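Okay, here's what each chain looks like letter by letter:
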Amino acid sequence: MMTKLYLSLKYGAILIWSAFVIAPFLWALTTSFKTASGVTGGPTYIPWLQYEPSLSGWRSLFSSGAGGIDVVKPYIDSVIVTGCASLISIVLGCLAAYGLSRFTYRAGFVKNTDLVFFFVSQRIMPPIVLAIPFFLMLKWLGLLDSKIGLIFVYVALLLPIAVWILVDFFNGIPREIDEMAILDGCTPFEAFRRVILPNSLAGIVVAGMFCLIFGWNDFFFAFTLTFTDTQLLPVAVVALNSSVTPWWSLSASALISVAPLLLIAFVVERFLSHGTLAGAIR
Amino acid sequence: MSLQLHDIGLVVEGVAHLDNIEVEFERGRLTTVLGRTLAGKTTLMRSIAGLQRLDRGTVQVDGRDYSRLPTWQRDIAMVYQQFINYPHLNVYENVAFPLRRKNLSEETIRQRVDAVLEKVGLSAFERRRPSQLSGGQQQRVALARALARESDILLLDEPLVNLDFKLREQLRSELRSLLTQQQHTIMIYNTTEPVEAMLLGDTVVVMHDGRVLQIGTPARVFDYPASRAVAQVVNDPPMSFIEGRKTDTGLELTRSVTVPLPPHLRDLANGNYRFGIRANELRLGGSTLQGRVTFSEVSGSETFLYLDAPTGPLALQIEGVHVLEEGRNVGIEIPADRLFAFELDAGERLLAAPATGAAS
Amino acid sequence: MSSIRLHHVGHAYAAGSYALQPADLVFEHGKTYALLGPSGCGKTTMLNIISGLLQPSEGQVLFNDTDVTLVPTARRNIAQVFQFPVIYQSKTVFENLAFPLQCRKWDRERIARRVDEIAGMLGLSDRLGRPARGLTVDEKQLISLGRGLVRDDVAAILMDEPLTVIDPQMKFELRRRIKQAHAYARVTVIYVTHDQNEAMTFADEILVMKNGRVVQRGTPETLFERPLNPYVGHFIGSPGMNFLPLERRAQSLALAGLPIAGVTTHPPAGEIMLGVRPEHMAFTDPSDRDGFPAMIEGIEDHGSARVVEVSIGGHRARMKLSRDKAVPPPGAPLAVRFNRLCLYVDGELLE
């Protein structure tokens, strides 16, 4: 019973919510093109009409020294740490999830489902609980303030997500396909590599995406465990907060932090809806 | 080359899924394993493939213990009930998959794949993915992959059961010609349908409750079922059983129904037996017995009538499609010369069988 | 009495491509109908239009002369049984069956009596107290069916391939129950299936469908004895009907050069075919004037019968012989006669 009123209410609600979600980005976008003078004296929104747009905020991202915040190095550090951690998590996650999906483990009363829960439950803890243990561990290993140390920690945090998503996907692939591959001459590992993995692309992509997003956005552990040698993007951006906050540089750096994730999401969404992945899963 | 199963046993949670199985299979022969669901056919097949661990017994190929070999080193091809193909590969690659594992040349692979796809009628679908094919076509791909391998052993686990009626009919005949061409392979075919066992097998192995009840040619098993259990498995629609007594003059089927003594039962000792008669040998009309229709079922070009009679439940097969309403009374004639006689005790062995029909 | 009438009902998803061709159909009260055909033939579309889950792109649906085309499913007083049992897992069998009556505010006495009655008919009396979760699939399907039957104001029961998930051993039992339920409740039953045996066992009348159209409608016997076109002739019966092309002669029709006896009427112009069921062919002596020379191409042993493939003048046909009939030895000259046949002109039965 789609009456006109109901439809307009529905679309109205969607528009309002969209506006709510997009507003911060719009604000950051417009602010990033302002200069010091543009920020003082009342809020202004529309470029060229209400204020003069300038690229100074964007330029400062690349220069170090006075007024510059050099976002390039933190950017690279973030990419390396998040990328490596996600990659390792996916690889280990695939192997763990396949084991949990296909083989039966018993240790007393602990069964497969308990093991999966054990993995997933790592994420239930508030991060702050882990702050001190991780700090101490990395200190003892001499890995504080290093990319490698951070990668270790991130793997510990991202692996549960990967396992959780992948176990579900592997369970959706009929066991008979594994058997068919083995009958056709593949060792169990070959069967995994040649048959199961190609059919789990969707799952791997989704798990990968989650890992990248959670890893990239992490502020807490990057803040606690690194100081000067290694600086990740979220930390670098927050560090801009001082008595005189360069809002335009801040906005620009905030936007640039989000950009890679947007790009990945865009590419994956195209990929998924294209049916390339959908066909592989049936 | 021969495949021998020796004293195979498997017990799961106190229930014997396989018990004391002793069978030998020869190269170039097609053996059907016939039994109801849960008779142990699939378990047996999976044991041969190495996918199922056994409690007892050995699987030997040419005298060598096969169970030492992991599944991927055995030369076995299998076709499942559910159409199993590799979803991420097209038809050509699906069929070529096992051949690639064997490191054959690209030339050889192409030749074999093309030949097999031709045989199953899928040459035009080489580039398609399994998800784009119908059920029947998917099963043909699975079959093509199994045949292209030219393996030592070919296992087919009720491959037609998930197809609809007409398709099953068609593929059955095709399978028969495809499989009889394989001269170097040991072929084992699981089924619940007696028709398939009759049609396809050189030999039929009848299984029930994890045991092998009888092994023989289709004609042998059909005309001389070793026991009542075999007769039940081998006849669809089911054989009707009537408890009765043999005297010097005739067979007393109930207090009021007596049929004359047929020649083939004359030598039986007088006493109580369980007599059996096939559904298509009971006749409608006649006055031997009165029965009440409980259900009538159409199957293909025949109608099966299920009746309640003083002698117990009966199943009757008539030609053509005839719908009889429930509750209707019909007269039934029991031709005594077509009766089987089984012992009444535990084994329920066959004691006498009617003469077989005219030779073909 | 509530009859269901489809008035010029058709359904097209996109312009011009009809899932269901426009047609007029009447389903009389109290009879069982089967919509039979392969997937994609339109049978589920038609069922969904009758139930109200789908609104036809053209035409009207009438229940007892009342236009219900726009009436939602819940108000059409129909019961539906789907491929998968649809029950409340957490409730007991009794509660499942009682639920529709509770919604209608019946008093407890009346509900208990009615549920006992229906449960008894379906053979579920001894399981009324059990939680539905623990039952087997076929028992759950019976509950689905029972839920539709408890209401005494049901106009029709619509079933969409309800035996799909049932184990083959249990199918027999379930078919019996459904048939009994129908005899008991005497409502209209419309049953969708792709299995011709199921349709022929159940229905008073079968509608064979192909490509969105009903190609023949009749009792099981009619469909078997007089299929209106080669599609039905092939689809019904196992093996399906044989079709052999005929040539026209001055006074008669000929197969492989020999005239067919007994055909005197002049058929209209068009391609002529002979349709004959494998059961209605028999071997005969070559001297038989009504016989046609044939060669045996293959023999299949089907247990209670044998299927012999023969070629008559280059055309293949299959014959069905019961096991006790002798198949002529190889090498002997053979002839085949037709005991009953149909003629088809351009794919349509000649009456």
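For clarity, every value in this text was computed on a predicted model and none was experimentally measured.

1. Quick notes on the overall build of chain A
Assigned secondary structure in chain A consists of 14 helices and 0 strands. Moving toward the C terminus, one meets the helices and strands of chain A in the order α-α-α-α-α-α-α-α-α-α-α-α-α-α. Each of the 282 residues in chain A was classed as buried or not, and the buried ones make up 33%. In chain A, 71% of the contacts between residues at least 6 apart in sequence involve partners at least 24 apart.

2. A short note on the overall build of chain B
Counting its secondary structure elements, chain B contains 8 helices and 20 strands. Going through the 360 residues of chain B one by one, you find that 46% of them count as buried.

3. A closer look at the domain arrangement of chain A
Residue and element names in this part refer to chain A. Per the domain assignment, the segments making up chain A are domain 1 (2-54) and domain 2 (72-277). The element contributing the most residues to the side of domain 1 that touches domain 2 is helix α1 (residues 4-32), with 4 residues. The residue makeup of the side of domain 1 that touches domain 2, split by class, is 3 nonpolar, 3 polar and 1 charged.

4. Regarding the domain arrangement of chain B
Residue and element names in this part refer to chain B. When the domains of chain B are assigned, the result is domain 1 (2-228) and domain 2 (240-351). With 5 residues of domain 1 in contact, the opposing surface of domain 2 contributes 8 residues. Residues belonging to the side of domain 1 that touches domain 2 are distributed by class as follows: 3 nonpolar, 1 polar and 1 charged.

5. Structural notes on the interface of chain A and chain B
Contact with chain A, which involves 16 residues of that partner, is made by 19 residues of chain B. For the side of chain A that touches chain B, the secondary-structure elements that each account for two or more residues are α8 (175-183), α9 (188-199) and α14 (276-281) of chain A. Among the elements that line the side of chain A that touches chain B, the one with the most residues is α8 of chain A, at 6 residues. Residues belonging to the side of chain A that touches chain B are distributed by class as follows: 8 nonpolar, 4 polar and 4 charged.

6. Some thoughts on the sheet that holds strand β4 (residues 58-63) of chain C
Residues and elements named next belong to chain C. Pairing is antiparallel across the open sheet formed by 4 strands, whose spatial order is β2-β1-β4-β5. At either margin of the open sheet sits one strand with a lone partner, and together these are β2 (17-27) and β5 (66-67). Bridge count between strand β1 (residues 4-14) and β4: 5 bridges; the pairing is antiparallel. Across the sheet, L6 pairs through a bridge with V61, a residue of β4. Against the sheet, helix α1 (residues 43-51) contacts β1, β2 and β4, and its axis sits at roughly 120 degrees relative to β1.

7. Here's the deal with the interface of chain B and chain C
Each partner contributes to the interface: chain B provides 32 residues, whereas chain C provides 32 residues. For the side of chain B that touches chain C, the secondary structure elements donating two or more residues are α5 (165-180), α6 (194-200), α7 (218-223), β15 (283-299) and β17 (312-319) of chain B. A breakdown of the residues in the side of chain B that touches chain C according to their chemical character gives 12 nonpolar, 12 polar and 8 charged.

8. Comments concerning the pairing of strand β8 (residues 186-191) of chain B
Residue and element names in this part refer to chain B. Of all 6 residues in β8, 6 are buried, a share of seventy percent or more. Of the two faces of β8, the one lined by I186, I188 and N190 and the one lined by M187, Y189 and T191 are each fully buried. Both strand β3 (residues 30-34) and β8 contribute to a ladder of 5 bridges, which runs parallel. Looking across to β8, one finds that T32 is bridged to Y189. As judged from the 5 bridges shared by strand β7 (residues 153-157) and β8, these two strands associate in the parallel manner. When the sheet's bridge partners are listed, L156 is paired in β8 with Y189. This β-α-β element, β7 to α5 to β8, shows right-handed connectivity.

9. A few points about the confidence of the model for chain B
Chain-level pLDDT for chain B is 89 on average; 99% of the residues reach the 70-or-more range. The ipTM, which scores confidence in the relative placement of chains, is 0.84 for this predicted complex, and the corresponding pTM is 0.85.

10. Remarks on the nonpolar core
Within the largest apolar cluster, 157 residues are counted, with the highest numbers of intra-cluster contacts made by A162 and L166 of chain A together with V95, A144, L155 and V206 of chain B. If you tally residues by element for this core, the top one is helix α7 (residues 147-171) of chain A, at 16 residues. Residues within four places of A144 of chain B in sequence aside, it is in contact with V95, V116, L117, V120 and L122 of chain B. Listed in part, the 70 residues of the second largest apolar core include L47, V93, I157 and L228 of chain C.

11. Points about the sheet that holds strand β12 (residues 250-252) of chain B
Residues and elements named next belong to chain B. Judged by pairing direction, the sheet is antiparallel, and its 6 strands sit side by side in the order β13-β12-β11-β14-β19-β20 without closing on themselves. Since the sheet does not close on itself, it has two edges, and those belong to β13 (258-260) and β20 (350-352), each with one partner. Strand-to-strand twist in this sheet, taken as the mean axis angle between neighbours without regard to direction, amounts to 40 degrees. Direction of pairing for strand β14 (residues 271-277) relative to strand β19 (residues 340-342): antiparallel, over a ladder of 3 bridges. Along β19, the bridge assignment pairs F275 with A341.

12. Some points on the packing of helix α3 (residues 108-122) of chain C against helix α4 (residues 137-150) of chain C
Helix packing geometry: the angle between the two helix axes and the distance between the axes. Residue and element names in this part refer to chain C. At a minimum axis separation of 10 Å, α3 and α4 run at an interaxial angle of 135 degrees. By the angle between their directions, the pair α3 and α4 is classed as oblique. Once α3 is placed against α4, the crossing between them reads as right-handed. Contacts between α3 and α4 pair R114, V115, I118, A119 and L122 from the former with L142, L145, G146, L149 and V150 from the latter. A per-class count over the contact of α3 with α4 returns 8 nonpolar, 1 polar and 1 charged.

13. Points about unusual backbone geometry
Excluding glycine, a negative phi dihedral is what most residues carry, and trans is how most peptide bonds are arranged. Geometrically, the link from D236 of chain B to P237 of chain B is a cis peptide bond, its omega value of 10 degrees lying close to zero. Mapped onto the elements, P237 of chain B comes out in the loop between α8 (228-234) and β11 (240-246). Residue P239 of chain C is reached from S238 of chain C by a cis peptide bond, and omega for that bond is -5 degrees. Locating P239 of chain C in the fold gives a position in the loop between α8 (230-235) and β11 (242-245). A positive phi is found at E13 of chain B, a non-glycine position, where the angle reads about 50 degrees. By the element assignment, E13 of chain B lies in the loop between β1 (2-12) and β2 (15-26). Even without glycine at this site, N103 of chain B takes up a positive phi of about 60 degrees. Taking the C-beta count within 10 Å as the criterion, N103 of chain B has 7 such neighbours and is therefore assigned exposed.

14. Thoughts on the arrangement of the chains
Most contacts, compared over the 2 pairs of chains touching, are made between chains B and C. With no contact between them, chain A and chain C keep their nearest C-alpha atoms 10 Å apart.

15. As for the environment of N94 of chain B
Residues and elements named next belong to chain B. Looking at where N94 falls in the secondary structure, it is placed in helix α2 (residues 91-101). What makes N94 buried here is the crowd of 24 C-beta atoms within 10 Å. As for N94 and G28, which are separated by 66 residues in sequence, their C-alpha atoms are 25 Å apart. Apart from the residues lying within four places of it in its own chain, the contact partners of N94 are N85, Y86, L89, P130, V141 and R145.

16. Side note on helix α4 (residues 135-148) of chain B
Since one α-helical turn is 3.6 residues long, residues separated by three or four positions face the same way. Residue and element names in this part refer to chain B. Under the 1.5 Å per step criterion, the end-to-end length of α4 is 20 Å for 14 residues, consistent within 8% with the ideal 20 Å. Of all 14 residues in α4, 11 are buried; the element is thus mostly enclosed. The inward-facing, buried residues of α4 abut β6 (76-79), α2, α3 (106-120), β7 and α5. Just past α4, the residue E150 takes up positive phi, approximately 50 degrees.

17. Some remarks on the pairing of β14 of chain B
Here 7 bridges tie β11 of chain B to β14 of chain B, and the two strands are oriented antiparallel to one another. Residue pairing across strands places R245 of chain B opposite N272 of chain B, the latter belonging to β14 of chain B.

How each quantity is defined
Residues numbered from 1 in each chain as written. Chains lettered and ligands numbered in written order. Predicted model: local features only at pLDDT ≥ 70, side-chain atom pairs only at ≥ 80, totals over all residues. Helix = DSSP H or I, 4+ residues; strand = E, 2+ residues; numbered from the N terminus. Buried ≥ 20, exposed ≤ 12 C-beta atoms within 10 Å, placed from the backbone. Contact = placed C-beta atoms within 7 Å. Domains from an automatic or database assignment. Nonpolar A, V, L, I, M, F, W, Y, C, P; charged D, E, K, R; others polar. Pairing = 2+ DSSP bridges. Axes fitted to C-alpha atoms, helices over the stretch in contact; angles between N-to-C directions. Right-handed = clockwise from strand over helix to strand, strands pointing away. pLDDT = per-residue confidence, 0-100. Core = buried A, V, L, I, M, F, W, Y, C linked by C-beta atoms within 7 Å. Parallel < 35°, antiparallel > 145°, perpendicular 65-115°, else oblique. Left-handed = near helix turned anticlockwise from the far one by under 90°. Expected span 1.5 Å × (residues − 1).

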